[in-house]
Amino acid sequence: MTKFAVKDHEMVPEHVLLTPEEGAQVLKSFGIEAPHLPKIHVSDPAAKEIGAKVGDIIKIIRKSTTAKQSIFYRLVID
Amino acid sequence: MSLSQKEILEMIEGLDLPLSIKEALRSGLDGVEVTEEQFNEIIDNVLADYEHSRVEPCEAVGVVAAQSIGEPGTQMTMRTFHYAGVAEINVTLGLPRLIEIVDARKIPSTPTMTIRLMASDDPEKDYAHDRDKAREVAWAIESTSILHLGSIATDLAEMNVLIELNPGAMEQRKISAEEVAERLREETGLDVEQKENLLVMAPEEPSYRELLQLVETIKRISLKGVEGIKRVVIRKEGDEYVLYTEGSSLKKVMQFEGVDPTRIKTNNINEIGEVLGIEAARNAIINEATDTLREQGLSVDVRHIMLVADIMTVDGEVKQIGRHGVSGEKASVLARAAFEVTVNHILDAAIRGDVDDLKGVTENVIVGQPIQLGTGDVTLVANKR
């Protein structure tokens, strides 16, 4: 059996767990509250792998065909 | 005085532009002599152009996306089955496939996987470029039934089932007669008599019906491989061998020796969501939808499809566009009622005493008010002075 991490798969973009301070900074820059962000489940394989907890904000660095790279944020929910 | 290359790169880095435009700027200005004034003019023009290309605030991007996907959709064939370039493996394509994607069906009508194999410089481990090794993996994955290994017959006089195993076929699929007998014992709970390559089984009750039923049961038993993978086909793509399967089981197949787990694909979007997460599911929706449209010779801007994929995955799970998903979860009663099952929505809302704030587009069209989009979203307040 081969060792396999979800983040190695070519379809999974890079997930970065933000610290509460970084998270607050993101929310402030958009002028929104945390529940307004798109969601990701705490049981999501990619979220599990970086050890995210409910209430955390995950920064997702997507490879984009139009902009080359785009940044996306998701709030970890139950 | 012209700017140095380093200054140019630094100034480009500091701009608020997408990476792709920055890269285009960098390669365009590579080795070009420009003065600060010229450089600023270039940047101003790029920024103005970029600003112009962006979506205006209050623009109805959803409606534009719906039209942009819907119009080419009218030109798609209604019912296509296509042999995705591989003999025997048949995949739903065209309009039915597109509908399947936006409906977020739990299991697609023709599940299939594309399995890429491990490549290595060590010939012992190089599965991707060795046909025999690729074939080994294919046989390990493919669900093997008794019909792959030999023939099955009934002896009516003795009231038993005779299974004659083919040594060549067993050798190929790396399974022994003992293992087959063991698997049959496990699955049926009946005794299996083994004489070399001949297996004899008898039903519990010596009745004609039981005997025929036992034959059917034995035929359905998966002796080896991954359950649900009905067929595996090998095809050479470029210089590597790729396996195509009929049936999908991402989690199990990923663990096989020789399979490259980082490049394995399935057309079952829900399965991707479960195994690889919501972001991978979003990518899968985009890829599958673009491929389906392109295969039909239609080109839809990927941004529209990205919007659809984003909306479908915004809540952390794959939601369909429709009554049980995006459209059914709208906050406005009138907007939901305008879509499907009008009476139910209005009746439920009346019983609960729901209030509609008339903030969306549909509900304002229904009551005959200006919609809150584009210029309709801007209100002027006079400053009395």
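Residues numbered from 1 in each chain as written. Chains lettered and ligands numbered in written order. Predicted model: local features only at pLDDT ≥ 70, side-chain atom pairs only at ≥ 80, totals over all residues.

A tally of helices and strands in chain A yields 2 helices and 4 strands. Considered along the principal axes of its C-alpha atoms, chain A spans approximately 45 × 30 × 15 Å. Out of the 78 residues in chain A, the part that is buried amounts to 27%. At a minimum sequence separation of 6, the contacts of chain A that also span at least 24 residues come to 59%. (Helix = DSSP H or I, 4+ residues; strand = E, 2+ residues; numbered from the N terminus. Buried ≥ 20, exposed ≤ 12 C-beta atoms within 10 Å, placed from the backbone. Contact = placed C-beta atoms within 7 Å.)

Before going further, it helps to examine the overall build of chain B. Within chain B, the regular secondary structure consists of 17 helices and 10 strands. Rg of the C-alpha trace for chain B: 30 Å, well past the compact-globule value of 21 Å for 385 residues, more than 25% over. Counting only residues that meet the buried cut, chain B has 26% of its 385 residues in that class. Relative to all contacts within chain B whose residues are 6 or more apart in sequence, the contacts with residues 24 or more apart total 57%. (Rg over C-alpha atoms; globule rule 2.2 N^0.38 Å.)

This part takes up the domain arrangement of chain B. Its domain assignment divides chain B into domain 1 (5-53), domain 2 (146-220) and domain 3 (330-377). Once you take the C-alpha centre of each, domain 1 of chain B and domain 2 of chain B turn out to be 74 Å apart. (Domains from an automatic or database assignment.)

Turning next to helix H6 (residues 131-141) of chain B. Residues and elements named next belong to chain B. Among all positions in H6, only Ala134, Val137, Ala138 and Ile141 are buried. For H6, the angular spread of buried residues about the axis comes to 100°, placing them on one side. Looking at the packing, one finds that the buried side of H6 touches strand E8 (231-237), strand E9 (240-246) and helix H11 (250-254). (Arc of directions from axis to C-beta.)

The next thing to look at is the interface of chain B and chain A. Counting residues at the interface gives 24 residues for chain B and 25 residues for chain A. Looking at the side of chain B that touches chain A, the elements that each hand over two or more residues are helix H2 (19-28), helix H12 (269-276), helix H13 (278-295) and helix H14 (302-313) of chain B. In terms of residue class, the side of chain B that touches chain A is made up of 11 nonpolar, 6 polar and 7 charged. (Nonpolar A, V, L, I, M, F, W, Y, C, P; charged D, E, K, R; others polar.)

Before going further, it helps to examine the sheet that holds strand E4 (residues 68-77) of chain A. Residue and element names in this part refer to chain A. Here we have 4 strands laid out as an open sheet, ordered E1-E3-E4-E2, and mixed in their pairing. Looking at the sheet topology across the chains shown, the edges are occupied by strand E1 (14-17) and strand E2 (39-41). On average, each strand axis in the sheet is tilted by 40° relative to the strand beside it, whichever way the strands run. Sheet topology places E2 next to E4; 3 bridges connect them, and they run parallel. Paired with His41 across the bridge in E4 is Ile77. (Pairing = 2+ DSSP bridges. Axes fitted to C-alpha atoms, helices over the stretch in contact; angles between N-to-C directions.)

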